[in-house]
Amino acid sequence: MTNPSAAPVSTKFLNVLVIGANGYLGTAICSAFLRTNAPPTSFRVHGLIRRESAAHQLAMNEVIPIIGSLSEPDMVRTAVLSHSPVWDIIVTCTEPSRATEAAHWSDLLAFIQDLASESASHGVRPFVLWSSGCKDYGTTGLHGEKSLTPHSEDSPLQSHPIIRGRMDAALRVLEVAGAEGSDFTAAVVRATPVFGYSGSYYGAAFDYAAAFAGAFGKDDIRSRTLDFTSDEGTIMHGVHVDDCGEGYVALATAALPDDDRRRRIAGKVFNISGRRYETLREVGAALAQEYGFGHGARFGLAQDELPEAVSGHNCGLVFGWSQWVSSERIRNLTHWCDKRSLFSENIGVYRLAYEAAVEAGLDDVEKVKRRMAGNWGDDHKAAE
């Protein structure tokens, strides 16, 4: 039985810096680190953000806000080092606009090298988790095809042109971290699309279904189908953003105990994906039921067969990107597993959360809406 009057155990805090902490993924990663606190070792989580207006929300969530821009290296260095010269874990989860990404990735790596040099001078080499994504591998086949195999960390890289800069930056950080005399070690995380809360790119699925439903009256919709141009066998492999955040923490904690454990993780790539994939048939049927389409969903239609109301919804990256991704490496090494419901299993709750985020006018919702409209070039509110 615990003795409440026993002498307290001194807690050792490990400093975590999450770059892009106010973004969709950054928020989940910060929360995951805080949930993992287990005295006598705990995490003190700091979040680097550009905008002072985002600091209040971080502070309310027990994340220490640090305000600074990577484009002003001296100022951001001073701001970060004023909190601590030693950083145990650094996580990157930024998503710059295409107009600024070349400079951004260069500035980000230089910043990490600078922090790592200072930290190493105090006896601590930071462990860096650098975010990329599973779209770096390109697409797989469709569900049911005999030749279908999942992408693994050893699969060839065939990224979409839109994200080629992110992929190249991830390869570069592994090269720098692995060089002789480097002051930090690193691993790259490639997650599948994430869902939950404000929805990320899965929010486009709700927008599409809502726009399609809006083309018909309540009585008419009961005799209608929710239609898609993509094949019903399109693989939609996602993971809840909470589970994704837990994956980052699993890698970080596995790398901390000793040098041998870190060597098994450093220099490696780790995919994060759900326990199984869903198909567009599953997701489409769930959306159809959720929005009241009485005759379910249809697939493989021509674009001109769809209502004019959905003509502006460019959902190819959501409904048309078929990809099955293996995450056996992180599962076997860290025993991480995803626990939240799949997208189609709990779609009503995920819709409720997304619509609340839309009503609140969250930045990440607006950014995804701009990108789904084809505007990838001026995300001036991109997390940093």
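Keep in mind that this is a model prediction, so the values were computed, not measured.

**Q** When you look at the overall build of the chain in this model, what are you seeing that I'm missing?
**A** A count of helical and extended segments in the chain gives 14 helices and 13 strands. For the chain, whose C-alpha radius of gyration is 22 Å, the value lies close to the compact-globule estimate of 21 Å for 384 residues. Looking at the chain as a whole, 52% of its 384 residues are labelled buried. Once local pairs closer than 6 in sequence are excluded, the contacts in the chain between residues at least 24 apart make up 79%. Total accessible area on the chain is roughly 17300 Å²; 50% of this is exposed by carbon and sulfur atoms. Averaging the locations of the 36 positively and 47 negatively charged side chains of the chain gives two centres separated by 3 Å.

**Q** What should I look at first to understand the confidence of the model for the chain in this one?
**A** With 93% of its residues at a pLDDT of 70 or more, the chain has an overall mean of 92. Per-residue pLDDT stays below 50 along residues 379-384; that stretch engages in 27 contacts with residues further than four places along the chain or on separate chains.

**Q** Hey, could you run me through unusual backbone geometry in this one?
**A** Its identity as a non-glycine residue notwithstanding, Glu-62 has a phi of 70°, on the positive side. Within the secondary structure, Glu-62 sits in the loop between α2 (55-60) and β3 (64-67). Non-glycine residue Ser-200 carries a positive phi angle of around 50°. In this fold, Ser-200 is placed in the loop between β7 (194-195) and α6 (203-214).

**Q** Sorry, what's going on with the packing of helix α4 (residues 101-120) against helix α5 (residues 164-177) here?
**A** The description of two packed helices rests on the angle between their axes and on the distance between the axes. At a minimum axis separation of 10 Å, α4 and α5 run at an interaxial angle of 20°. For the element pair α4 / α5, the angle class is roughly parallel. Handedness of the α4/α5 crossing: right-handed. Residues Glu-101, Trp-105, Leu-109 and Gln-113 of α4 touch α5, and the partners they reach there are Gly-165, Arg-166, Ala-169, Arg-172, Val-173 and Val-176. Classifying every residue of the contact of α4 with α5 gives five nonpolar, two polar and three charged.

**Q** Looking at this structure, how should I read the packing of α6 against helix α13 (residues 347-360)?
**A** Closest axis-to-axis distance for the α6/α13 pair is 10 Å, and the angle between their directions is 90°. In terms of axis orientation, α6 runs roughly perpendicular to α13. For the pair α6 and α13, the contacting residues are Gly-203, Phe-206 and Asp-207 in the first and Ile-347, Tyr-350, Arg-351 and Tyr-354 in the second. Looking at the contact of α6 with α13, its residues break down into four nonpolar, one polar and two charged.

**Q** What's the story with the nonpolar core in this structure? I'm lost.
**A** Formed by 43 residues in total, the largest nonpolar core has its most connected members in Val-18, Phe-33, Leu-129, Tyr-248, Ile-265 and Ile-272. Among the elements that take part in this core, helix α8 (residues 241-255) stands out by supplying nine residues, more than any other. Not counting chain neighbours up to four residues away, the residues in contact with Ile-272 comprise Val-189, Arg-190, Ala-191, Thr-192, Val-239, Cys-244, Gly-247, Tyr-248, Ser-327, Ile-330 and Trp-336. Core analysis: the second largest hydrophobic core is formed by 36 residues, Phe-212, Leu-306, Ile-347 and Tyr-350 among them.

**Q** Please clarify how α8 should be interpreted in this entry.
**A** Working note: α-helix, 3.6 residues per turn, so residues spaced by three or four point in the same direction. With 15 residues, α8 should cover 21 Å at 1.5 Å per step; its first-to-last C-alpha distance of 22 Å lies within 8% of that length. Of all the 15 residues making up α8, 13 are buried; the element is thus mostly covered by neighbouring parts of the structure.

**Q** Just to check I follow, could you spell out the side chain of Asp-88 for this structure?
**A** As for its position among the elements, Asp-88 is in the loop between α3 (73-81) and β4 (89-92). Although Asp-88 lies buried, it forms no salt bridge, and the closest oppositely charged side chain, Lys-12, sits 6.0 Å away as judged by the N-O distance. There is a polar contact of 2.8 Å between the side chain of Asp-88 and the backbone nitrogen of Asn-15. What Asp-88 contacts, discounting residues up to four positions off in sequence, is Leu-14, Asn-15, Val-124, Pro-126 and Phe-127.

**Q** What should I look at first to understand α13 in this one?
**A** Relative to the 20 Å expected for 14 residues at 1.5 Å per residue, α13 spans 20 Å between its end C-alpha atoms, a close match to the ideal helical length. Contact partners of the buried residues in α13: β7, α6, β10 (239-240), α10 (280-290) and α14 (363-372).

**Q** What's the story with the packing of aromatic side chains in this structure? I'm lost.
**A** Each aromatic ring pair is described using two quantities: the centre-to-centre distance and the angle formed by the ring planes. Per the counting criterion, the structure on display carries 17 aromatic pairs. Here the basic side chain of Arg-44 rests over the ring of Phe-13, its NZ or CZ set 3.9 Å away from the ring centre. Arg-351 extends its terminal NZ or CZ atom over the ring of Tyr-291, reaching a point 3.9 Å from the ring centre.

**Q** What am I meant to see in the sheet that holds strand β5 (residues 127-131) here?
**A** Strand pairing in a sheet takes place through backbone hydrogen bonds and is either antiparallel or parallel in direction. Spatial ordering of the open sheet is given by β3-β2-β1-β4-β5-β6-β11, a layout of seven strands whose pairing is parallel. This sheet does not close on itself; its edge strands, each paired only once, are β3 and β11 (269-272). Across the sheet, the mean angle from the axis of one strand to that of its neighbour is 25°, orientation sign disregarded. Inspection of the sheet shows β5 paired to strand β6 (residues 185-191) by five bridges, in the parallel sense. Paired with Ser-131 across the two strands is Val-189, which belongs to β6. The sheet strands contacting helix α1 (residues 24-35) are β1 (12-19), β2 (41-49), β4 and β5, and the helix crosses β2 at an angle near 160°.

**Q** Help me out: how do you make sense of the pattern of salt bridges in this one?
**A** Pairs can form between side chains of opposite charge whenever their charged atoms are close. By the definition in use, this model includes 22 salt bridges. Linking Arg-222 and Asp-219 is a salt bridge whose minimum nitrogen-to-oxygen distance equals 2.9 Å. Across this residue pair, the class does not change: Arg-222 and Asp-219 are exposed. Among the ionic pairs, Asp-242 bridges to Arg-340, the shortest N-O distance being 2.8 Å. Of the two residues, Asp-242 sits in helix α8 while Arg-340 sits in the loop between α12 (328-334) and α13, which places them 98 residues apart along the sequence. Classification of Asp-242 as buried rests on a relative accessible area of 13%. What makes Arg-340 partly exposed here is its relative accessible area of 30%.

Quick notes on the rules
Residues numbered from 1 in each chain as written. Predicted model: local features only at pLDDT ≥ 70, side-chain atom pairs only at ≥ 80, totals over all residues. Heavy atoms only, no water. Helix = DSSP H or I, 4+ residues; strand = E, 2+ residues; numbered from the N terminus. Rg over C-alpha atoms; globule rule 2.2 N^0.38 Å. Buried < 20%, exposed > 50% of the residue type's maximum accessible area, 1.4 Å probe, protein only. Contact = heavy atoms within 4.5 Å. Areas by Shrake-Rupley, 256 points an atom, 1.4 Å probe, with all protein chains shown as cover. Lys, Arg positive; Asp, Glu negative; His and termini not counted. Charge placed at Lys NZ, Arg CZ, Asp CG, Glu CD. pLDDT = per-residue confidence, 0-100. Axes fitted to C-alpha atoms, helices over the stretch in contact; angles between N-to-C directions. Parallel < 35°, antiparallel > 145°, perpendicular 65-115°, else oblique. Left-handed = near helix turned anticlockwise from the far one by under 90°. Nonpolar A, V, L, I, M, F, W, Y, C, P; charged D, E, K, R; others polar. Core = buried A, V, L, I, M, F, W, Y, C linked by side-chain atoms within 4.5 Å. Expected span 1.5 Å × (residues − 1). Salt bridge = Lys/Arg side-chain N within 4 Å of Asp/Glu carboxyl O. Polar contact = N/O pair within 3.5 Å; in protein donor to acceptor, adjacent residues only side chain to side chain. Phe/Tyr/Trp six-rings, centres within 6.5 Å; stacked < 30°, edge-to-face > 60°. Lys NZ or Arg CZ within 6 Å of the ring centre and 35° of its normal. Pairing = 2+ DSSP bridges.

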